[in-house]
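# Tertiary structure, described
Residue-level listing of the chains:
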Number of protein chains: 2
Amino acid sequence: MPMNHEEILRGGCRFFVQEKTQDRETVLNEGDFVIIPPEMNQAVFTGGEDAVTVNIILKRSTFGDSFYSLLLENDSISDFFWQMLYSKGSNRALVVRCGKDERLRSIVLDMCGEGLFCRKGAPAGGNLMMKGYVMLLFGWTLKAHQQKMEDVGSISASEAVLPVMIRYIRENYTTVTLTSVAKHFGKSEGYLSRYIRRETGKTFRFLLKEFRMKQAANMIENSTCNMEEVAAAIGYSDISCFYRNFKESFGCTP
Amino acid sequence: MPMNHEEILRGGCRFFVQEKTQDRETVLNEGDFVIIPPEMNQAVFTGGEDAVTVNIILKRSTFGDSFYSLLLENDSISDFFWQMLYSKGSNRALVVRCGKDERLRSIVLDMCGEGLFCRKGAPAGGNLMMKGYVMLLFGWTLKAHQQKMEDVGSISASEAVLPVMIRYIRENYTTVTLTSVAKHFGKSEGYLSRYIRRETGKTFRFLLKEFRMKQAANMIENSTCNMEEVAAAIGYSDISCFYRNFKESFGCTP
């Protein structure tokens, strides 16, 4: 399930997206780019004759690999990225107005250079380099242009709740239960459980376990806490349950 | 558990490693680098007064994230990387003789520039960029210098078997059982089970499930096979067992 990343290297382009029943046009100038989720209704028209638009197509899994650890530890990342990663069939794109940024330009050019020689069956390192460039691209964008992002497109009311809910679960991962989340958002447990399952493809229990285990791995690596302290810090009152979940996730006891 | 990556930017340096009971000296020239596993007995002495040595310290988990998908799909990667990732307390380093390589040099310089401003609490993108540079570094090295790698240091006979065994399990993941691996390597099942557990920290069952699930996710993303075909292709005769394992690994049914 690929997602697109359109980068305007020279000239400009027009980007159309279906918003409710109408098409909405967004003009992209040189240096800007737009991140488009998979299966979105959209069209891109490159500007003049000498305009150059670069289309970078990523697998959702590559996107997830690159962002996952960041999303778990950093609050300043927009809910947009959570939505990209967890929501199915989102109809909202992210436009980033970078303008003339030499660094970004050189990353994209290097990437194109590498891409020309990197096909299936290419030498091992090529694939790794492409991933590296994707990380540089997003990393630099977040660092230098975080304030210059705009949403385009519409999301349904049901989709709009998801990132808020994910954030709530993540921020309260030591104490939340399905009951407490349902209460906080004024929904029944049954509805919430089905909603999370439908929108993210994962169960509430699995998401929570994922947040906790990433945090546990992080604490074990970066602190001198013993296992009882780690288990308690991430919200396990039962140490044997912590050991069991840890083993399920990482294949070894901590 | 950090691992080191020493890069010689200018001048040279001498690298000492304990080999059996003696120290062995390796001279590194400008442009060369050495990858040193965690907890190895070693020492590095930088050359002349104006020599510059760059020491890049990676968490094992960063290294794993960057390499994991590659290791599963590519056979041309040296067993060395498997050993780095799976073996505990390895005493073998990898020297890469890159010589004067402008591309590598510029990646390392960019990395240093970024590193100076990237501390804990630094803007979100910084961390991502560092990971990107690590991938570029290894990616480019694999692509351009795969033939210029030499092992330094000694490994015990017990360690030397591990990569061969991992490769055997990985290459025969559709059909292997603990019994068949034990038979192939002329060991008892009990010994093998304990050996794998001790050297990798994971059980045989978990390793095998990991190989199969990665392969399944790969097939689902890149082919049009239905679930029965995927399950059969990766060695599951029982589809419900496939569904259960998939759910354990990814939190959703396929």
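Right, let's walk through the structure included here. In this text the structure is predicted, and so the values were computed from the model without any measurement.

The secondary structure content of chain A amounts to 10 helices and eight strands. The 254 residues of chain A split such that 47% are buried. Nonlocal contacts in chain A, meaning residues at least 24 apart in sequence, comprise 71% of its contacts between residues at least 6 apart. With the model as given, the accessible surface of chain A reaches about 11,800 Å², and the carbon-plus-sulfur share is 50%.

Let us look at the nonpolar core. Formed by 46 residues in total, the largest nonpolar core has its most connected members in Tyr133 and Leu136 of chain A together with Tyr133 and Leu136 of chain B. Once you skip the residues sitting within four places of it in the chain, Tyr133 of chain B turns out to touch Arg103 and Leu136 of chain A together with Ile107, Asp110, Met111 and Glu114 of chain B. One finds Met165, Val176, Phe185 and Leu192 of chain B within the second-largest nonpolar core, a separate group that totals 28 residues.

So, on to helix α7 (residues 189-200) of chain A. All names here are of chain A. Compared with the 16 Å implied by 1.5 Å per residue over 12 residues, the 16 Å span of α7 between its first and last C-alpha is a close match. Turning to α7, its buried residues number three or more, namely Leu192, Tyr195, Ile196, Glu199 and Thr200. End-on view of α7: buried residues confined to an arc of 95°, all on one side of the axis. Positive backbone phi, at 80°, marks Gly201, one or two positions downstream of α7.

Attention now goes to the pattern of salt bridges. For the structure shown, the criterion picks out nine salt bridges over all chains. In this structure, Asp32 of chain A engages Arg97 of chain A in a salt bridge whose closest nitrogen and oxygen atoms are separated by 2.9 Å. On the criterion of sequence distance, the pair formed by Asp32 of chain A in the loop between β3 (22-28) and β4 (33-36) and Arg97 of chain A in the loop between β7 (92-96) and α3 (102-117) is long-range, its members being 65 residues apart. Take Asp32 of chain A: its relative accessible area is 3%, and that puts it in the buried class. Bridged by salt links that share partners, the residues Arg103 and Lys143 of chain A together with Glu114 of chain B form one connected network.

A word on the packing of aromatic side chains. Residues and elements named next belong to chain A. Under the criterion given, the structure shown has eight aromatic pairs over all chains. One aromatic cluster is present, built from ring pairs that chain together Tyr236, Phe242 and Tyr243. In this structure, Arg103 packs its charged tip against the face of Trp140, placed 4.6 Å from the ring centre.

With that settled, the discussion passes to the side chain of Thr26 of chain B. Residues and elements named next belong to chain B. Positionally, Thr26 belongs in strand β3 (residues 22-28). Thr26 gets classed as buried once you look at its relative accessible area, which sits at 5%. For Thr26, the residues in contact, after removing those within four places along its chain, are Cys13, Arg14, Phe15, Val95, Arg97 and Val152.

Residue and element names in this part refer to chain B. Relative to the helices and strands, Arg105 resides in helix α3 (residues 102-117). The partly exposed category is assigned to Arg105, whose relative accessible area is 31%. As a C-alpha pair, Arg105 and Leu9 span 96 residues in sequence and 7.0 Å in three-dimensional space. In this view, Arg105 contacts Leu9 and Glu30; residues no more than four positions away in its chain are not counted.

Residues and elements named next belong to chain B. By the secondary structure assignment, Glu25 is in strand β3. Its relative accessible area of 40% is what places Glu25 among the partly exposed residues. Separated by 127 residues in sequence, Glu25 and Val152 place their C-alpha atoms 9.4 Å apart. Excluding residues within four positions of it along the chain, Glu25 makes contact with Arg14, Phe15 and Phe16.

Analysis parameters
Residues numbered from 1 in each chain as written. Chains lettered and ligands numbered in written order. Predicted model: local features only at pLDDT ≥ 70, side-chain atom pairs only at ≥ 80, totals over all residues. Heavy atoms only, no water. Helix = DSSP H or I, 4+ residues; strand = E, 2+ residues; numbered from the N terminus. Buried < 20%, exposed > 50% of the residue type's maximum accessible area, 1.4 Å probe, protein only. Contact = heavy atoms within 4.5 Å. Areas by Shrake-Rupley, 256 points an atom, 1.4 Å probe, with all protein chains shown as cover. Core = buried A, V, L, I, M, F, W, Y, C linked by side-chain atoms within 4.5 Å. Expected span 1.5 Å × (residues − 1). Arc of directions from axis to C-beta. Salt bridge = Lys/Arg side-chain N within 4 Å of Asp/Glu carboxyl O. Phe/Tyr/Trp six-rings, centres within 6.5 Å; stacked < 30°, edge-to-face > 60°. Lys NZ or Arg CZ within 6 Å of the ring centre and 35° of its normal.

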